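Overview (structure and organization)
Listed below, chain by chain, are the residues.
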Amino acid sequence: MIAMVFPIAGVEINPIYLALLGFFIGLLGGFFGVGGSFIAGPALRAFGLNWNFAVGTDLAHIVGTSVVAAKRHRALGNVDLRLGLIMAGGTIVGAEIGAQLIQMLKRMGNVNLVVSVVSIVVYSSVSVFMIWEASLTLRGQRKSKRAGQAKKTGKEDETAFRHITDKIHRLKLWPMISLPVSGIKSISLWTILTVSFIGGIFSGFLGGGAGYIRMPMMVYVLGVPTHLAVGTDLFEIIISASYGTFSHALKGNVDILIALVMQTGAAIGAQIGAISTQYFAGPKIRLAFVPLPLIGVGLVLYTLLTGHKL
Amino acid sequence: MKDEARRALFSFAIEMIVYGFFIAGYFLLVLHLLGPSLARIEQEHIRWYALLCVALILGQSIVLESLTTFILRLLRGRSE
């Protein structure tokens, strides 16, 4: 099939590549609760889009992927609607600040270099942290098994940072709220808003839903079980990424045609990914997540060092 | 178990073929026609374009989700 012209971004790309990329991203989205921007952003950049277009277009695509995956997760009981709605507020404010930073860099003319370097640092740090934590948890589980303690099953979850999460839950910063669906008796509203605000800044700056930051923070900081963090993150992303898409489109950073083509593959991938979460325990899902941001790092490094686009 | 896996894989393959036909038609008809109009709206009415972006991606994802769920149900219903 010949390459298709996308007049808004001014690029020519084979739509099959875009649909396949969408399928892969959808699969990850459904399974890990992330938008997949750590791969989609660098991949779009490698297809020839400028970073500002890669960031905005990726956000639009993520709206679609999240709708499909969140609907499936809702059916599986993995969505805490209350938590998702609260987080959407913090994310939107953060995303707007992130988008303004992109605009500032665009005016200064060095958006490609700065975003490339920041994305390499962030993606690598997330991978290193998660491999460390998931290994600690799995080692702890093996020790418990040897000691004859009962293994946690289904959606019950454990992390190596449980003691830190408990300390965060004990912070008495009014107003305190409870999240029965996530099994959290009491937590400060400000803690939730801070987590979502940080995720929002990354979302606006590096593109996507920033699930690579928010999903781990929901597990380690808020103490949400992994399966629920995956589903709730996706639900929250629908709201915040829709706002992000609108904001970036106003700034001329979205080629919606590219997002629509990618979405055709993502729709099927997201369904398969979401169904697959039923067969894996929380720490294993987190450990499987580790290599993904590193693929993004590889793509950014390739484009940055060689100047070539795929 | 092996039979179950084979059946699931077969259903998935059929689903991909059916879905592939829909998508190929969609690429050829809708996106080729939509491209120039969207580019013009983006140049002349950026606010409308921003609204359209959100509406189009939400609308398409809801339609595609229903389509894939329908195909999955149809194939699973037949294989069970």
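Criteria and thresholds
Residues numbered from 1 in each chain as written. Chains lettered and ligands numbered in written order. Predicted model: local features only at pLDDT ≥ 70, side-chain atom pairs only at ≥ 80, totals over all residues. Helix = DSSP H or I, 4+ residues; strand = E, 2+ residues; numbered from the N terminus. Buried ≥ 20, exposed ≤ 12 C-beta atoms within 10 Å, placed from the backbone. Contact = placed C-beta atoms within 7 Å. Axes fitted to C-alpha atoms, helices over the stretch in contact; angles between N-to-C directions. Parallel < 35°, antiparallel > 145°, perpendicular 65-115°, else oblique. Left-handed = near helix turned anticlockwise from the far one by under 90°. Nonpolar A, V, L, I, M, F, W, Y, C, P; charged D, E, K, R; others polar. pLDDT = per-residue confidence, 0-100. Pairing = 2+ DSSP bridges. Expected span 1.5 Å × (residues − 1). Arc of directions from axis to C-beta. Core = buried A, V, L, I, M, F, W, Y, C linked by C-beta atoms within 7 Å.

Attention shifts here to the overall build of chain B. Each helix and strand in chain B was counted, giving 2 helices and 0 strands. A burial count over chain B gives 18% of its 80 residues as buried.

Before going further, it helps to examine the overall build of chain A. Regarding its fold elements, chain A presents 12 helices and 4 strands. Among the 310 residues that make up chain A, the fraction classed as buried is 55%. At a minimum sequence separation of 6, the contacts of chain A that also span at least 24 residues come to 81%.

Residues and elements named next belong to chain A. Close contact between helix α7 (residues 189-206) and helix α8 (residues 211-222) brings their axes to 9 Å; oriented N to C, the two are set at 160 degrees. With respect to their mutual orientation, α7 and α8 come out roughly antiparallel. In the crossing of α7 with α8, the sense of the turn from one axis to the other is right-handed. Counted together, Thr191, Ile192, Val195, Ile198, Gly199 and Phe202 of α7 and Ile213, Arg214, Met217, Met218, Val221 and Leu222 of α8 form the full contact between these two elements. Within the contact of α7 with α8, the residues separate by chemical class into 9 nonpolar, 2 polar and 1 charged.

The next thing to look at is the environment of B:Val30. Residue and element names in this part refer to chain B. In this fold, valine 30 is placed in helix α1 (residues 2-44). For valine 30, a count of 12 C-beta atoms within 10 Å puts it in the exposed group. In the structure, valine 30 is positioned 30 residues away from glutamine 60 in sequence and 12 Å away in space, judged by C-alpha atoms.

This part takes up the confidence of the model for chain B. Per-residue confidence for chain B gives a mean pLDDT of 78, with 78% of residues at or over 70. Model confidence for the complex is summarised by a pTM of 0.75, with the ipTM given as 0.82.

This part is about the environment of A:Phe47. All names here are of chain A. You can see phenylalanine 47 is positioned in the loop between α2 (37-46) and α3 (51-75). Overall, phenylalanine 47 belongs to the buried group, with 20 C-beta atoms counted inside 10 Å. Along the primary structure phenylalanine 47 and isoleucine 13 are separated by 34 residues, whereas in three dimensions their C-alpha atoms are 7.0 Å apart.

What follows is about the interface of chain B and chain A. Tallying the contact residues gives 27 residues for chain B and 27 residues for chain A. Secondary-structure elements contributing two or more residues to the side of chain B that touches chain A are α1 and α2 (46-79) of chain B. Taken together, the residues of the side of chain B that touches chain A break down into 20 nonpolar, 4 polar and 3 charged.

Below, the discussion takes up the pairing of strand β4 (residues 184-188) of chain A. Residue and element names in this part refer to chain A. Judged from the 3 bridges that link them, strand β3 (residues 176-179) and β4 form a sheet pairing that is antiparallel. When the bridges of β4 are listed, isoleucine 177 appears paired with isoleucine 187. Where β3 folds back on β4, the antiparallel hairpin that results is connected by 4 residues, among which glycine 183 adopts a positive phi of roughly 75 degrees.

It is worth spelling out helix α12 (residues 291-306) of chain A at this point. Residue and element names in this part refer to chain A. Over its 16 residues, α12 runs 22 Å from end to end, which matches the ideal 22 Å to within 8%, given 1.5 Å per residue. Listed as buried for α12 are Leu292, Pro293, Gly296, Leu299, Val300 and Thr303. End-on, the buried residues of α12 take up no more than an arc of 115 degrees, which puts them together on one face. Exposed side of α12, more than 90 degrees from the buried face: Pro291, Leu305 and Thr306 are the residues found there.

Moving on, we come to the packing of α3(A) against helix α10 (residues 256-276) of chain A. All names here are of chain A. Running from amino to carboxyl end, α3 crosses α10 at an angle of 25 degrees, the nearest separation of the two axes being 8 Å. Relative to α10, the element α3 is oriented roughly parallel. For the element pair α3 and α10, the recorded crossing hand is right-handed. Contact residues: α3 offers Thr57, Ala60, His61, Gly64, Thr65, Val68, Ala69, Arg72 and His73, while α10 offers Ile256, Ile258, Ala259, Met262, Gln263, Ala266, Ala267, Ala270, Gln271, Gly273, Ala274 and Ile275. The class makeup of the residues in the contact of α3 with α10 is 12 nonpolar, 8 polar and 1 charged.

Take the confidence of the model for chain A next. When pLDDT is averaged along chain A, the result is 81; 88% of the residues meet or exceed 70. Per-residue pLDDT, averaged within each element of chain A, yields its smallest value for helix α11 (residues 282-289) of chain A (68) and its largest for α7(A) (88).

Taken as a class, soluble globular proteins show a tendency for nonpolar side chains to be buried jointly. By size, the foremost hydrophobic cluster in this structure holds 101 residues, and its most contacted members are A:Ala60, A:Ile256, A:Leu257, A:Ile258, A:Met262, B:Cys53 and B:Ile57. Setting aside residues up to four positions removed in sequence, A:Ala60 forms contacts with A:Thr245, A:Val254, A:Ile256, A:Ala259, B:Cys53 and B:Ile57.

Along the chain, the position of A:Leu76 falls in the loop between α3 and α4 (81-108). Between the alpha carbons of A:Leu76 and A:Ala274 there is a distance of 8.9 Å; along the sequence they are 198 residues apart.

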